[in-house]
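Fold and geometry: a report
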Amino acid sequence: MPPQLLPASAAAFAPRASSVNVVLGSKVEPWLTQTLKRINRVKRPLNSIPQHQRCLTETLSSSNAIWTLTSLMLPKAPESELRKDSNPLIEALFNYQLLHIEAYIVHVDMVLRNEVAYKLTPDSIEALIEYHKDIYCVNAKADTYDWPEKEQHAKKLHEDFVQAINKFVFRTHVSALEGLEEEGAGELLCGKSEEVKNNIAVLLNKPLLPPPPKIIDVVRQPPLLPSSPVGPHMWSQSTPSPALPAPVEPWRVLPSSPSVTSTSIESAPIWTNMALHEIQVPSPTVSYSQPYSTAGMYYSSPMVTSPIPALPLPSMLASQCGVGVGYGGFGWDRYQEYTTTI
């Protein structure tokens, strides 16, 4: 892409140069020859490229060579001071003004980019700066809520606009020179005026934005490790582990329902030696439950055992057994003999 070269007079805050920089190609376009013949009152010879370049440079360097790029309809006062009227025509006449944006040509390039560059006149720049400060910024501050740095933000917004409008250079195709008139003045044709209006509106209408809400960072304390440098008493107090209950003898454990047990013969209660054939107790229905183990007081997977009938408690035998029940070979039915001897 060819470099975008502009003369020093196109820089921000630079004064207008006494001569316009004009670069023509090896061949002059017919429309340019006709345009130069039309605007010159004095007939000048235009038979070569240097003659065309000299004629165009002198015409554009004239102090009267001011172009009208576009026109803007702007309010005369802030919105709070505008006149209210039922007739919109009267309201428009009293409240709005037409500002003509004027510029002069600083560069013509018909070799690399085939473009012409315009820079705004000091009067147009001053009028836009005044409008932005006295009207636009006032409306912008009225339309936003208050915050501590609001005035500083509004001032910064205006300063940015001053810099941007002074740097503004409008570039367009060299065919815009067809709008050239006497003494180097002219106006843009073929809808180029609307393009200038949009570009200036972008610079004018930048909003006054409040600062974004502050995001509060939640500081999360990293997990502490025993090796972390903490206080001397941080790890000295260890959390006491819940003490395991003391082992309970199997015969003291009363299951809530009859179940298959896995206790050994050595730990069986004393009444297990009773003659089972002498006890007429209906066998309850065996229901499945998790087997209980006294090893470590933990429940484990079911052990494979042969099912045996659940043994009744002594309280259950009292209502069903008589004095004829044998206990360890001792006959309770002979108690009268012993009482006589005693």
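It should be emphasised that the depicted structure is a prediction, and the values quoted were computed from it without experimental measurement.

Moving on to the packing of helix α1 (residues 30-39) against helix α2 (residues 49-60). It is at 11 Å that the axes of α1 and α2 come closest, and there the two elements cross at 50 degrees. One way to sum up the angle between α1 and α2 is to call them oblique. Regarding α1 and α2, the two cross each other, and that crossing is left-handed. The residues of α2 that touch α1, namely those facing L32, T33, L36 and I39, are H52, C55, L56 and T59.

Applying the stated criterion across every chain, the model contains three aromatic pairs. Between Y118 and F170 the ring centres are 6.4 Å apart and the planes differ by 35 degrees, which places this aromatic pair in the tilted class. Taken together, the positions of Y118 in strand β4 (residues 115-120) and F170 in strand β5 (residues 169-173) put the pair 52 residues apart, joining distant regions of the chain. With respect to class, Y118 is no different from F170; both count as buried. The structure contains a cluster of three or more aromatic residues connected by ring pairs, namely W67, Y118 and F170. Lying over the aromatic face of F94, R83 brings its terminal NZ or CZ to 4.2 Å of the ring centre.

A separate point is the environment of N198. Mapped onto the elements, N198 comes out in helix α6 (residues 192-204). With 128 residues separating them along the chain, N198 and T70 place their C-alpha atoms 9.8 Å apart.

If you look at the biggest cluster of nonpolar residues, it comprises 50 residues, and the most contacted ones within it are L56, I105, Y118, L120, L128 and L177. Mapped by element, the contributors of at least two residues to this core are α1, α2, β2 (67-75), β3 (96-109), β4, α4 (122-142), α5 (150-167) and α6. The greatest single-element share of this core, amounting to seven residues, is contributed by α4. Excluding its chain neighbours within four sequence positions, the residues that come into contact with L120 are L69, I101, E102, A103, Y104, I125, L128, I165 and F168. Counting five residues, the second largest nonpolar core, distinct from the first, contains A10, Y104, V106 and A117.

Cut-offs used in this document
By convention here, each chain's residues receive numbers from 1 onward along its written sequence. Given that the model is predicted, a residue must reach a pLDDT of at least 70 before its local features are reported, and side-chain atom pairs must reach 80 or more before they are shown or counted; all residues, however, enter totals for whole chains, interfaces and linings. The basis for every side-chain value is the complete set of heavy atoms in the structure, and neither hydrogens nor water enter the calculation. Note on geometry: axes are C-alpha line fits, over the in-contact stretch for helices, and angles between N-to-C directions span 0 to 180 degrees. To qualify as a helix, a DSSP run of H or I must reach at least 4 residues; to qualify as a strand, a run of E must reach at least 2; elements of each kind are numbered from the N terminus. Should an angle lie under 35 degrees it is considered roughly parallel, over 145 roughly antiparallel, and from 65 to 115 roughly perpendicular; all remaining angles are considered oblique. Each crossing gets its hand from how the near helix is turned against the far one by less than a right angle, where anticlockwise is left-handed and clockwise is right-handed. We call two residues in contact when some of their heavy atoms are within 4.5 Å. Only Phe, Tyr and Trp rings take part, Trp by its six-membered ring, and two of them pair if their centres are within 6.5 Å. Stacked means planes under 30 degrees apart, edge-to-face means over 60, and tilted covers everything else. Partly exposed residues are those whose accessible area sits between 20% and 50% of the maximum for their type, while under 20% is buried and over 50% is exposed, using a 1.4 Å probe and protein chains only. Think of it as a cone above the ring: NZ of Lys or CZ of Arg counts as a charge over the ring if it is within 6 Å of the ring centre and within 35 degrees of the ring normal. In these notes, a set of buried Ala, Val, Leu, Ile, Met, Phe, Trp, Tyr and Cys residues joined through side-chain atoms within 4.5 Å is what counts as a nonpolar core.

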